[in-house]
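Single-letter residue listing:
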Amino acid sequence: MSSLRLRLYLLPLFLIAISLGEAVTVTDTDLPAFREAPAFRNGEECHKTVWSPSDRTHNPSIIHIAMTLDAIYLRGSVAGVFSVLQHASCPENVVFHFIATHRRSADLRRIISSTFPYLTFQIYHFDPNLVRSKISSSIRRALDQPLNYARIYLADLLPTAVHRVIYFDSDLVVVDDVSKLWRIDLRRHVVGAPEYCHANFTNYFTSRFWSSQGYKSALKGRKPCYFNTGVMVIDVGKWRERRVTVKLETWMRIQKRHRIYELGSLPPFLLVFAGDVEPVEHRWNQHGLGGDNLEGLCRNLHPGPVSLLHWSGKGKPWLRLDSRRPCPLDSLWAPYDLFRYSPLISDS
């Protein structure tokens, strides 16, 4: 079979496997290529500052954003970074903290550096063995990948001089100045996020959870408020002080033994934080645009203004666009796509 025919044959299989949440092995040569992003400069009102991982003191002029970075979601991550920089009033004061497994970090660093030559960023190595023994299967295989749990360990990975961080998933774009989200007052809370109260927690936990007086007492007296963990403003210092990572790991170990929930990394966060989150305007997480976790059907925007579009769920915009079966809202993601399409026929 010729090289061209082989590529045409394998590409649909690769996209189908990802959309089904199957594990896909990506070699170095399979990593996508991207166009170089333009250089975004600070406005006149910005105080120009420089950040270094060795800094020992907190710099209030710098906005810290954390994201995971891997081969499968790389295209989404690049679009997310591009969207943040394009709309930021002080883009040179934004520092990105990428979490990646050691196996691909060198290749990912090269791609981020070439796509965003002016970006200040750091890559931190996440050891999948930290969570592999604590993960139990969920309703979608993509939710069971160790990197999906890396957000639990941000406080351990980031330098101590980083007092606050915004965590973003890799399937979103920001269409507003991220400094507005950065400046929210967390007050006494560890986490700030758009929350949705009057949620039916029955849907998140199994009958075994509700039949145990000890387990269900964890939610007693707390507001039934759901929040999506793909957009969080985190007080890293308070997270460490209150030993949040240990609390989340405890619920993961219980889940591994007794199967008290079905949905990936979200339920432990609800058990620790439900009703104790600093509310953020809903405009900062228009989530669910990828449909549910089973079918990934098209969805409409929630009513109200929009500052961030989030394709949580099974359907990812880059896969739907490539398959030529996009949903209407996928066109809002497309302008941030820096993916460089390779010609199907070359001279070589």
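Refer to the structure presented above.
Only a predicted model underlies this, so the values are computations on that prediction, with no experimental measurement involved.

> Account for helix α10 (residues 244-258), naming residues and giving values.
Relative to the 21 Å expected for 15 residues at 1.5 Å per residue, α10 spans 21 Å between its end C-alpha atoms, a close match to the ideal helical length. Buried residues belonging to α10 abut α4 (129-132), α5 (154-157), α8 (213-216), α9 (236-241) and α11 (266-273). Looking one or two places after α10, you find Arg259, whose phi comes out positive at around 50 degrees.

> Run through the nonpolar core, naming residues and quoting values.
Counting residues in hydrophobic clusters, the biggest one holds 52 residues, and the most contacted among them are Ile65, Phe96, Phe98, Phe116, Leu119, Ile166 and Phe168. Top element by residues in this core is helix α2 (residues 74-87). It accounts for 7 residues. Non-local contacts of Phe98, meaning those with residues more than four positions away in its chain, are made with Met67, Leu69, Val81, Ile112, Leu119, Phe121, Gln122, Ile123 and Tyr124. Among the nonpolar cores identified, the runner-up in size contains 50 residues, and Tyr204, Ile260, Leu270 and Phe273 belong to it.

> How would you sum up the sheet that holds strand β10 (residues 278-279)? Please name residues and give values.
With mixed pairing, the 7 strands of this open sheet are ordered in space as β3-β2-β1-β4-β9-β6-β10. A single partner strand is all that each edge strand has here, and the edge strands are β3 (120-125) and β10. Pairing analysis gives 2 bridges linking strand β1 (residues 63-68) to strand β4 (residues 164-168), with the strands arranged parallel. Opposite Ile65, over in β4, you have Ile166 as the bridge partner. Packed onto the sheet, α2 meets β1, β2 (94-100) and β4 and runs at close to 170 degrees relative to β2. Contacts from helix α3 (residues 105-115) reach β2 and β3 within the one sheet, and its direction differs from that of β3 by about 170 degrees.

> Explain the pattern of salt bridges residue by residue, including any values.
Following the criterion strictly, the structure yields 15 salt bridges and no others. Notably, a salt bridge pairs Arg75 with Asp322, separated by 2.6 Å at the nearest N-O pair. Pair noted here: Arg75 is in helix α2 and Asp322 is in helix α12 (residues 317-322), with a separation of 247 residues, a long-range link. Take Arg75: its relative accessible area is 7%, and that puts it in the buried class. Residue Asp330 pairs with Arg320 through a salt bridge whose shortest N-O separation is 2.9 Å. Note that Asp330 is positioned in the segment after α12 and Arg320 in helix α12, a separation of 10 residues in sequence. By the burial criterion, Asp330 is buried, and Arg320 matches it.

Criteria and thresholds
- Residues numbered from 1 in each chain as written.
- Predicted model: local features only at pLDDT ≥ 70, side-chain atom pairs only at ≥ 80, totals over all residues.
- Heavy atoms only, no water.
- Helix = DSSP H or I, 4+ residues; strand = E, 2+ residues; numbered from the N terminus.
- Expected span 1.5 Å × (residues − 1).
- Contact = heavy atoms within 4.5 Å.
- Core = buried A, V, L, I, M, F, W, Y, C linked by side-chain atoms within 4.5 Å.
- Buried < 20%, exposed > 50% of the residue type's maximum accessible area, 1.4 Å probe, protein only.
- Pairing = 2+ DSSP bridges.
- Axes fitted to C-alpha atoms, helices over the stretch in contact; angles between N-to-C directions.
- Salt bridge = Lys/Arg side-chain N within 4 Å of Asp/Glu carboxyl O.

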